[in-house]
Amino acid sequence: MVGVTIAPWSSVDRSTCRHCGAHVTDRFRRVFGDDRDRAHRCSECDSYRRLSRGSAAGVDVEILDPETSSGRHGGEANA
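About the criteria used
Residues numbered from 1 in each chain as written. Predicted model: local features only at pLDDT ≥ 70, side-chain atom pairs only at ≥ 80, totals over all residues. Heavy atoms only, no water. Core = buried A, V, L, I, M, F, W, Y, C linked by side-chain atoms within 4.5 Å. Buried < 20%, exposed > 50% of the residue type's maximum accessible area, 1.4 Å probe, protein only. Contact = heavy atoms within 4.5 Å. Phe/Tyr/Trp six-rings, centres within 6.5 Å; stacked < 30°, edge-to-face > 60°. Helix = DSSP H or I, 4+ residues; strand = E, 2+ residues; numbered from the N terminus. Salt bridge = Lys/Arg side-chain N within 4 Å of Asp/Glu carboxyl O.

## Overview of the nonpolar core
Here comes step 1: Membership of the largest hydrophobic core is limited to nine residues, which are Cys17, Ala22, Val24, Phe28, Ala39, Cys42, Cys45, Leu51 and Ala56.
Here comes step 2: In contact with Ala22, not counting residues within four places along its chain, are Ser15, Thr16, Cys17, Cys42 and Glu44.

## Here's the deal with the packing of aromatic side chains
Here comes step 1: What the rule picks out here adds up to two aromatic pairs.
Here comes step 2: Where Phe28 meets Phe32, the ring centres are 4.9 Å apart and the plane angle is 35°; that geometry is what we call tilted. Linking Phe28 with Phe32, this pair stays in helix 1 (residues 26-32), spanning four residues, or about one helical turn.
Here comes step 3: Each ring, one from Phe32 and one from Tyr48, has its centre 6.3 Å from the other, and the planes form 80°; the classification is edge-to-face. Taken as a pair, Phe32 in helix 1 and Tyr48 in helix 2 (residues 48-51) lie far apart in primary sequence, 16 residues in all.
Here comes step 4: By relative accessible area, Tyr48 is classed as exposed at 59%.
Here comes step 5: Among the aromatic residues, those joined into a cluster by ring pairs are Phe28, Phe32 and Tyr48.

## Focus: unusual backbone geometry
Here comes step 1: For Asp37, which is not glycine, the phi dihedral falls at a positive 55°.
Here comes step 2: For Asp37, the location among the structural elements is in the loop between helix 1 and helix 2.
Here comes step 3: Classification of Asp37 as partly exposed rests on a relative accessible area of 30%.

## Let's talk about the pattern of salt bridges
Here comes step 1: One pass over the structure, following the stated rule, counts six salt bridges.
Here comes step 2: The closest approach of N and O atoms between Arg38 and Asp34, which form a salt bridge, is 2.9 Å.
Here comes step 3: Ionic pairing is found between Glu67 and Arg41, a salt bridge with its closest N-O pair at 3.8 Å. Placement of Glu67 in the segment after helix 2 and of Arg41 in the loop between helix 1 and helix 2 is noted, with a sequence separation of 26 residues between them.
Here comes step 4: The exposure class assigned to Glu67 is partly exposed, which follows from its relative accessible area of 46%.
Here comes step 5: Looking at Arg41, the relative accessible area reads 8%, which means it is buried.
Here comes step 6: The network of salt bridges with shared partners includes Arg41, Asp46, Arg50, Asp65 and Glu67.

As structure tokens, then:
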């Protein structure tokens, strides 16, 4: 007889960033992710300033996005 265990959680892969697809650790998702431990942004696609203010949890933050703004980490471009 073969025993089968049915997991009480969904089979959705949560080990990747929902924005860029990079691998994120369980700890990163617990600390920075949303209430379902999903990372919406990660250190590969966003700055630490934005991540620590909630961007990894899917929160819109006032700091400029490094992907859409010129300059390093969303700051002004160097002249």
